[in-house]
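# Chain and residue survey
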Amino acid sequence: MTGVHALPKHPLLVTFSVMLASLLYSIDWTIAAVALPHMQGAFSATQDQIGWVITSYIVSSAIAISAAGWLSARFGRKRVFVWAMAGFTVASVFCGAAETLEFEVAARVVQGMCGAFLIPLSHAVILDSYPPSEHGKAMALWGAGSVFGSFLGPTLGGYLTEYLSWHWIFYINIPFGIAATLGIALFVPEIERDTTRRLDVFGFLTLAVAIGSFQLMLDRGGSLDWFQSSEIVTEAILCVAGLYLFVSHSLTTDRSFLNLSLFTQRNFVLGCSFAFMYGLLTVPPIVLMPSFLQDIRGYDIEDIGLLQAPRGIGMLIAMIVGGRITGKIDPRPLIAIGLLCIAASALEMSTWTGEVGAWPLVWTNFLQGIGGGIILVPIQVIAFPSIAPVLRTEAAAVYNLIRSIGASIGVSATLTLFVRAGSTHRARLAEHISPYSESMQIAVSPHLDSLKALALMDNELDAQAAMLAYLGDFRLLAFAAVAGLPLLLLVKRNEGGEPVDVAMAAE
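About the thresholds
Residues numbered from 1 in each chain as written. Predicted model: local features only at pLDDT ≥ 70, side-chain atom pairs only at ≥ 80, totals over all residues. Heavy atoms only, no water. pLDDT = per-residue confidence, 0-100. Contact = heavy atoms within 4.5 Å. Salt bridge = Lys/Arg side-chain N within 4 Å of Asp/Glu carboxyl O. Helix = DSSP H or I, 4+ residues; strand = E, 2+ residues; numbered from the N terminus. Buried < 20%, exposed > 50% of the residue type's maximum accessible area, 1.4 Å probe, protein only. Axes fitted to C-alpha atoms, helices over the stretch in contact; angles between N-to-C directions. Parallel < 35°, antiparallel > 145°, perpendicular 65-115°, else oblique. Left-handed = near helix turned anticlockwise from the far one by under 90°. 1 Å grid on protein atoms, 1.4 Å probe; cavity = no way out; pocket = protein on both sides within 12 Å on 5 of 7 lines; lining within 4 Å. Points joined across faces, edges and corners; volume = space filled by probe spheres on them. Expected span 1.5 Å × (residues − 1). Arc of directions from axis to C-beta. Core = buried A, V, L, I, M, F, W, Y, C linked by side-chain atoms within 4.5 Å. Phe/Tyr/Trp six-rings, centres within 6.5 Å; stacked < 30°, edge-to-face > 60°. Lys NZ or Arg CZ within 6 Å of the ring centre and 35° of its normal. Patch = residues over 30% accessible without salt bridge, like charges linked within 9 Å, V, L, I, M, F, W, Y side chains within 5 Å. Areas by Shrake-Rupley, 256 points an atom, 1.4 Å probe, with all protein chains shown as cover. Polar contact = N/O pair within 3.5 Å; in protein donor to acceptor, adjacent residues only side chain to side chain. Nonpolar A, V, L, I, M, F, W, Y, C, P; charged D, E, K, R; others polar. Bend = angle between axes of the 7 residues up to and from the residue.

## Regarding the confidence of the model for the protein
Low-pLDDT portions of the prediction should not be read for the details of their coordinates. The predicted model of the protein has a mean per-residue pLDDT of 82, with 89% of residues at 70 or higher. Here residues 495-507 scores under 50 on pLDDT; set against residues more than four positions off or in separate chains, the count is 24 contacts.

So, in structure tokens, the structure goes:
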């Protein structure tokens, strides 16, 4: 294997095809969330049971994504890409047609496993479709699809569920999935295969156990009170044991499932660290804001979608601008600007009240989009120039897996803190409520002892406690963004030249 890939004849068609594939995967990561109440009624499921519609997709994706490098090397990247896209589209049909919860969850597992390959494969295809001098522009164009779907998903899902039915959040994938499959089959070039490469079964299984149990622990920990639950304790033990066995095995075998020599490249490790922070900082607000806008401000689902739109607009603008200037200037200042934008917007959000107007909601979301968008391209420019083309698919899989883990940890941490802080704030606020308080008598007089007055007080107490919990989460995100700045001092500036084959460098 030479490790060199010829540039495709139609790079724009390649870019469009793989961008559409990554867009569909990103949309399906969030689109089902708004339809869960409707699906819960259709399947006669409990709230805990219906959560598996989301959990099954996330966990199966996390487990499968690690296999993208081996599959593409063994069977050919284009072949794997076509089958993954076709499988994702067919699974979407079964997801929409499901009549039982068990069938729905099974279809979502298949959809997640097929969809897991779309992001790392499209990422690697884009890197191989353009010369290094144009990677910044190419990454910006591709990134518009790979991340914009997470913003588009809740809005699109809300409209489809409201005006058609929940089935259409999956059926909408069919025409676009067919188009993406045809585009990949026609325009994406194949790479040289390594037919002698065998699957490291023990390495894959131990890594799958570690990733799967970790994702389950993060997803279910909040509802099960974390380590008070035997399930969470078991999943934590499996995660630690699986990771230990995987690392030990990989360091002592000739051909490990993942090439750990990737982690000998400082800039790749730092790029993955920033990818982790990207997921940690940008995904939690996407999860928190819809409930904040609905529960605290009382907006309906259509208005919530419109108020979330500035985040996506800001991200697109920043990615376009960032893609044009990345490669011409040092990427570190761009990352610093992005982190500071995220920190400034989150800090401003931590000063809101329950009566916050529409304009602060718009500009803070826009600023967060700017921050996230301007970071995404430079961190990839830091991470990938040192990686040889033959290892790009594997490196892209590791990179996107770490970004996904960052997002999962961010969502889990903010939701856990929200629930616990909300309970604490409610208890403290309740201590100050007394029928003998002059302000209370003025507020609800002359019906202080009526059931209606008590219900109003209880609702207001819940709202104020939730508001304080939201402010705490926003403040935490601001501090986390600032904490990432010192990592920039460790980044070694890329002086150009050919990428290093890390497999050879490690020998």
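## Re the pattern of salt bridges
Evaluation of the coordinates by the stated rule reveals five salt bridges. With its nearest N and O atoms 2.6 Å apart, the salt bridge here joins Glu231 to Arg220. Of the two residues, Glu231 sits in helix α13 (residues 230-252) while Arg220 sits in helix α12 (residues 201-221), which places them eleven residues apart along the sequence. On the basis of relative accessible area, Glu231 is assigned to the partly exposed category, the value being 27%. Arg426 is the salt-bridge partner of Asp462, the closest N and O atoms lying 2.5 Å from each other. With a gap of 36 residues between them, Asp462 in helix α20 (residues 451-483) and Arg426 in helix α18 (residues 392-430) connect regions that are remote in the sequence. Note on Asp462: relative accessible area 35%, which makes it partly exposed.

## Some words on the packing of helix α16 (residues 331-349) against helix α17 (residues 358-383)
One can describe the packing of α16 onto α17 by two numbers: an axis separation of 8 Å at closest approach and a directional angle of 155°. What the angle tells us is that α16 and α17 run roughly antiparallel. Relative to α17, α16 is oriented so that their crossing is left-handed. Only Trp363, Thr364, Leu367, Gln368, Ile370, Gly371, Gly372, Ile374, Ile375, Pro378, Ile379 and Ile382 of α17 make contact with α16, whose side of the interface consists of Pro331, Leu334, Ile335, Gly338, Leu339, Cys341, Ile342, Ala344, Ser345, Ala346, Glu348 and Met349.

## As for empty space enclosed by the protein
According to the stated counting rule, one finds one cavity of 30 Å³ or more in the structure shown. As a volume, the largest cavity reaches approximately 70 Å³. In this structure, the largest cavity is lined by twelve residues; those nearest its centre are Leu281, Thr282, Pro285, Arg311 and Gln368. Sorting the residues of the lining of the largest cavity by element identifies α14 (266-296), α15 (301-325), α16 and α17 as the ones contributing at least two each.

## A short note on helix α11 (residues 173-187)
With 15 residues, α11 extends 21 Å between its outermost C-alpha atoms, agreeing within 8% with the 21 Å of an ideal straight helix rising 1.5 Å per residue. Along α11, the residues classified as buried are Asn173, Gly177, Ala180, Thr181, Gly183 and Ile184. The arc that holds every buried residue of α11, seen down its axis, measures 165°, which confines them to one face. Set apart from the buried face of α11 by more than 90 degrees, the exposed residues are Leu182 and Leu186. In the core, the buried residues of α11 are packed alongside α1 (11-30), α6 (77-97), α7 (101-115) and α10 (168-171).

## Re the nonpolar core
Judged by nonpolar contacts, the single largest core of 94 residues is most densely connected at Phe268 and Ile379. Sequence-distant contacts of Phe268, that is, excluding residues within four places in its chain, are made with Leu262, Phe263, Ala383, Phe384, Ile387, Ala395 and Val398. Counting residues in each nonpolar core, the second largest holds 21 residues, with Ala35, Ile54, Ala107 and Leu160 among its members.

## Details of the environment of Val283
Relative to the helices and strands, Val283 resides in helix α14. Considered as a pair, Val283 and Ile409 are 126 residues apart in the sequence and their alpha carbons are 9.9 Å apart. Those residues in contact with Val283 that lie beyond four places of it in its chain are Trp29, Tyr278, Ala407 and Val411.

## Thoughts on the environment of Ile50
The residue Ile50 is located in helix α3 (residues 47-50) in this model. Along the sequence, Ile50 and Met39 sit eleven residues apart, while their C-alpha atoms lie 7.4 Å from each other. Those residues in contact with Ile50 that sit more than four places away from it in its chain are Leu36, Met39, Gln40, Phe43, Ala45 and Leu101.

## Comments concerning the side chain of His249
Assignment of secondary structure puts His249 in helix α13. With sequence-adjacent residues up to four places away left out, His249 is seen in contact with Asp200, Phe202 and Gly203.

## Topic: the packing of aromatic side chains
In this structure the tally under the stated criterion is 16 aromatic pairs. Ring geometry for Phe43 against Trp166: centres 5.4 Å apart, planes inclined by 65°, an arrangement best described as edge-to-face. Linking Phe43 in helix α2 (residues 36-43) with Trp166 in the loop between α9 (135-163) and α10, this pair joins segments that are 123 residues apart in sequence. Here Phe43 matches Trp166 in class, with each residue buried. Taken together, Phe292, Trp352, Phe418, Tyr470 and Phe474 form an aromatic cluster joined through their ring pairs. The ring of Tyr57 is capped by Arg108, whose NZ or CZ atom sits 4.2 Å from the centre of that ring.

## Some details on a nonpolar patch on the surface
Taken together, Tyr159, Tyr163, Leu164, Trp168 and Leu306 make up a surface patch of nonpolar side chains, about 560 Å² in accessible area. Structurally, the position occupied by Trp168 is in helix α10. Given the relative accessible area of 40%, Trp168 is considered partly exposed.

## Things to note about the side chain of Asp200
Among the structural elements, Asp200 can be located in the loop between α11 and α12. One polar contact links the side chain of Asp200 to the main-chain amide nitrogen of Phe257, over a distance of 3.0 Å. When sequence neighbours within four positions are dropped, the list of residues in contact with Asp200 reads His249, Thr253, Arg255, Ser256 and Phe257.

## What to know about the packing of α1 against helix α8 (residues 118-129)
With their axes 9 Å apart at the nearest point, α1 and α8 run at an angle of 160° to one another. Classified by the interaxial angle, the pair formed by α1 and α8 is roughly antiparallel. For the element pair α1 and α8, the recorded crossing hand is left-handed. For the pair α1 and α8, contact is made by Pro11, Val14, Thr15, Val18, Ala21, Ser22, Tyr25 and Ser26 and by Leu118, Ile119, Ser122, Val125, Ile126 and Ser129, respectively. Of the residues contributing to the contact of α1 with α8, the split by class is nine nonpolar, five polar and no charged.

## Topic: α14
Taking 1.5 Å per residue as the helical rise, α14 with its 31 residues ought to reach 45 Å, and the 44 Å between its terminal C-alpha atoms agrees with that figure. A maximum bend of about 30° is found in α14 at Leu288, where proline Pro290 lies one to four positions downstream. Counting buried residues in α14 gives 22 out of 31 residues, a clear majority hidden from the surface. Phi turns positive, to about 75°, at Gly298, one or two residues after α14.

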